[in-house]
Amino acid sequence: MLSAPEDSVPLSAFAALSLQVAFGVDEAVADDPRIWTQAPAAVVVAPATAPAGASSVSQAVRAVSASAPVAVSSYRVQARTLEDLKAEIQAFEGCALKNTAMNTVFADGNPASPLMLIGEAPGEDEDRQGKPFVGVSGQLLDRMLAEIGLDRENVYISNTLFWRPPGNRTPTDTEVAACLPFVQRHIELVKPKLLVLLGGAAAKAVLNTKDGITRLRGRWQDYALPDGTKIQTLPTYHPAYLLRQPAMKRDAWRDLLAVRTALEKEKAAE
Ligand code: URA
């Protein structure tokens, strides 16, 4: 029970807050991080300084469609190295998730690996440690990779989003769109031989499709880089889904075996 406020808090606001507490609300986190005392701002998908070619930041601000497949923001990534990409993401102010996250979660593993995996978004553990897939899903992912002889020394792992959505809610299309130019540059810079997309959110964003993961999983597709290089890409189930639906591990196992075979072929062709 809350005690009555001082004069400075309007009574209606106090009553609304008491009601929330009575309903059991214990986290002051909304779907979208926002400063309640300010008017809603436009969605900014531009850096603090305007990118090359744009004469002002406002030119680089763009309305992002909420319709599927996920639109990509018009933000132009400058980074030409992974180090620069990490720094550019850390400095980026165009995704509101950054306001509520503790850390920017960039990547883990070996960028020289032939295999890059992309998940959805950092969870609580990832946000705290600043590393992708370190919580329970990550532990399952590590066990799955170990089954085909891989670990963090020989794979490279990142996400579709670089900040944890509050309360682990599903990221909005706007948030995914804001991060997508970075994800695309990330793939371009790593240039893996094989790309594995963990779950529907990553598959939808990276492959620019509205198809669901059940339809996409297990089917190799080409992901084309700007220079025309085609990267063999396999969507599969997200480890968090496998934790909830263990029966689906059978399909995920098939996908893992397909990845192992493709890696062996790549190695043999070297
Ligand atoms: N789930 C993801 O998609 N990514 C993480 O980093 C952790 C959990």
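Reading guide: rules and limits
Residues numbered from 1 in each chain as written. Predicted model: local features only at pLDDT ≥ 70, side-chain atom pairs only at ≥ 80, totals over all residues. Heavy atoms only, no water. pLDDT = per-residue confidence, 0-100. Contact = heavy atoms within 4.5 Å. Near = heavy atom within 4 Å. Polar contact = N/O pair within 3.5 Å; in protein donor to acceptor, adjacent residues only side chain to side chain. Areas by Shrake-Rupley, 256 points an atom, 1.4 Å probe, with all protein chains shown as cover. Nonpolar A, V, L, I, M, F, W, Y, C, P; charged D, E, K, R; others polar. Buried < 20%, exposed > 50% of the residue type's maximum accessible area, 1.4 Å probe, protein only. Helix = DSSP H or I, 4+ residues; strand = E, 2+ residues; numbered from the N terminus. Pairing = 2+ DSSP bridges.

**As for the confidence of the model for the protein**
Here comes step 1: Looking at the protein as a whole, the pLDDT averages 84, with 75% of positions reaching at least 70.
Here comes step 2: A low-confidence stretch, residues 36-67 stays under pLDDT 50, and its non-local contacts, those more than four residues away or across chains, total 47 contacts.

**Considerations on the site of the ligand**
Here comes step 1: Contacts to the ligand come from Gly119, Glu120, Ala121, Pro122, Glu126, Pro132, Phe133, Asn159 and His238.
Here comes step 2: The separation between an oxygen atom of the ligand and a polar main-chain atom of Glu120 is 2.7 Å.
Here comes step 3: Between the ligand and Phe133, the relevant distance is 2.9 Å, taken from an oxygen atom to a main-chain nitrogen or oxygen of the residue.
Here comes step 4: When isolated, the ligand has an accessible area of 230 Å², and the protein chains bury 93% of it.
Here comes step 5: Looking at the shell around the ligand, its residues break down into 4 nonpolar, 3 polar and 2 charged.

**Some remarks on the pairing of strand S2 (residues 115-119)**
Here comes step 1: Burial of S2 is extensive: 5 of the 5 residues sit out of reach of the surface.
Here comes step 2: Side chains Leu115, Leu117 and Gly119 project from S2 onto one buried face, and the interleaved Met116 and Ile118 project onto a second face that is buried too.
Here comes step 3: Sheet analysis places S2 next to strand S4 (residues 194-198), joined by 4 bridges and oriented parallel. What sits directly across from Leu117, in S4, is Val196.

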